[in-house]
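Survey of secondary and tertiary structure
Chain by chain, the residues:
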Amino acid sequence: DADKPAQQRASKQRTPKRRRRSLAVAAFGTVIEWYDFSIFFYVSTQLTRTFFHGDSNSLLLTLGVGAAGFLFRPLGAMVFGHLGERIGRKQALVISAVLMAVAMFGIAVLPGYDVLGVWAGILLVTLRCLAGFSVGAEYTGIMVYLMESAKRNRRGVAASWAAANSELGSLLAVGGAALLAHWLTADQMDSWGWRVLFVVGGLLAAAMIPLRRFMEETETFEKLKQAGVAQRRKGSPLIDVLKHQPKAVLFAFLFSSIGSVTYFLNITNVPTYLESTAEVSNQLALNLGAIAAVAAIIATPFIGLLSDKFGRRAMTLTLGLVLLVTTLPAYLLLAGTGNAGAVTGVALLAVPAAGWSAIGAAAIPEQFSALGRFAGMAIGYNIATVLFGGFSPLVAAALIDVTGNQFAPAYYATAIVVLFGIPLMWLMRDMAGKSLEEVDRDPVLRRARAEKGRG
């Protein structure tokens, strides 16, 4: 094999220390992504008064700006999915970090309505869309990188840190906002306090740029590069993966849809649900939301480890059954009057939802062969996240209004688990414990190597 010497040299360069450093740097990226996503909504009232008129309608406009950034994730995913296949996983993540830093620093220094008038709001929308675009392939790209860089029997636990760190980013955002609100007066928070939070996010993103240059490119992409696949491919990687790996893309969509619904309803939306339906205090709702986040962080790597030991299929089936059995009882506990019951309900919601994301962090990229993994992940995951993540709290609230049933979110989440869980179990290939060569096996790659050898 003409590529063996190069592959052996690359393998020698991947020392355990360099591997751990690369994994740590990659996993930290999801902290920044979810900090960026969360902080906009935590300071939405300050943004409203700064960039719009400050009344109730303006608040809805600010929240709409946040949603617009969310809608740009699929577009960013398609572009970065293309780049990840062409120039490499590492370089795509470096570019993503640059754009995140630009967007967050831009919002931090953007003059308000008093200075720019209507242009302040327009520029805010532009920067928010840039932020959404830049993180479009951040989470999926990191999952791909972690899965391709981890040891054979540790892909589940390694990739699960992407999911755990996303919740850590949300905690960092709410913690930072709460501390500033405690230390500063309302006027100080409105005039400059909220900007500090975006500066912190910009600094975190900027710090990732040099750090990511220390990451090693994955062995999978190096093999694709050595085989000359990127240079030989004439069409779009996105079209190619849809044409040659449609089942994997569909699996990514189905798995991510369940993950998005359960994550956003059972973890992220818990404080809002408690305030609006259970009529608990804002402080208690935030405390219970923090408990949900902490439970998710603790459970995620543990369940990722279990998926390495017992297999992705077995753990996916187990977590699916747990979601079916516990979701409605957990919401019943949330609606009760006792704090102990509410804490138990929060844990019953958070742990299986986090566990599902932990399994998916490795299981989804393992469905794809080497060629098309980055692009296929970007398409399937992000479309599902927009449809069943960003809109799930809105759908749940609408169902409560229409039916008058405060447990409508539980029924909605359960229905999605059943409807999407059955076909994904049929589509799933369990690659836990398999070598990276087996996971990456691709007839296109083999043909490219054969052609290069003949040439």
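This section reports on the structure supplied with the text. Everything numeric in this text was worked out from a predicted model, so none of it was measured. (Residues numbered from 1 in each chain as written. Predicted model: local features only at pLDDT ≥ 70, side-chain atom pairs only at ≥ 80, totals over all residues. Heavy atoms only, no water.)

**Some thoughts on the pattern of salt bridges**
Under the definition given, this model contains 7 salt bridges. Here Asp190 and Arg49 are joined by a salt bridge, their closest N and O atoms 2.8 Å apart. Placement of the pair is Asp190 in helix H11 (residues 186-212) and Arg49 in helix H3 (residues 44-51), with a sequence separation of 141 residues. A salt bridge links Glu366 to Arg155, with the shortest nitrogen-to-oxygen separation between them at 2.8 Å. In this pair, Glu366 sits in helix H19 (residues 339-366) while Arg155 sits in helix H10 (residues 155-183), placing the two residues 211 residues apart along the sequence. For the pair Glu366 and Arg155, one class covers both residues: buried. A single salt-bridge network, built from bridges that share partners, covers Arg155, Asp308, Arg312 and Glu366. (Salt bridge = Lys/Arg side-chain N within 4 Å of Asp/Glu carboxyl O. Helix = DSSP H or I, 4+ residues; strand = E, 2+ residues; numbered from the N terminus. Buried < 20%, exposed > 50% of the residue type's maximum accessible area, 1.4 Å probe, protein only.)

**Observations regarding a nonpolar patch on the surface**
On the surface, a nonpolar cluster with roughly 650 Å² of combined accessible area is contributed by Tyr113, Val115, Leu116, Val118, Trp119, Ile122 and Leu123. Every element with two or more residues in the nonpolar patch is listed here: helix H7 (113-116) and helix H8 (118-134). Per-element accounting of the nonpolar patch gives the leading share, 4 residues, to H8. The residue Val115 is located in helix H7 in this model. By relative accessible area, Val115 is classed as exposed at 63%. (Patch = residues over 30% accessible without salt bridge, like charges linked within 9 Å, V, L, I, M, F, W, Y side chains within 5 Å. Areas by Shrake-Rupley, 256 points an atom, 1.4 Å probe, with all protein chains shown as cover.)

**Observations concerning a positive patch on the surface**
Together, Lys17, Arg20, Arg21, Lys151 and Arg154 give the surface a local cluster of positive charge. The residue Lys17 is located in helix H2 (residues 16-42) in this model. For Lys17, a relative accessible area of 65% gives the class exposed. (Lys, Arg positive; Asp, Glu negative; His and termini not counted. Charge placed at Lys NZ, Arg CZ, Asp CG, Glu CD.)

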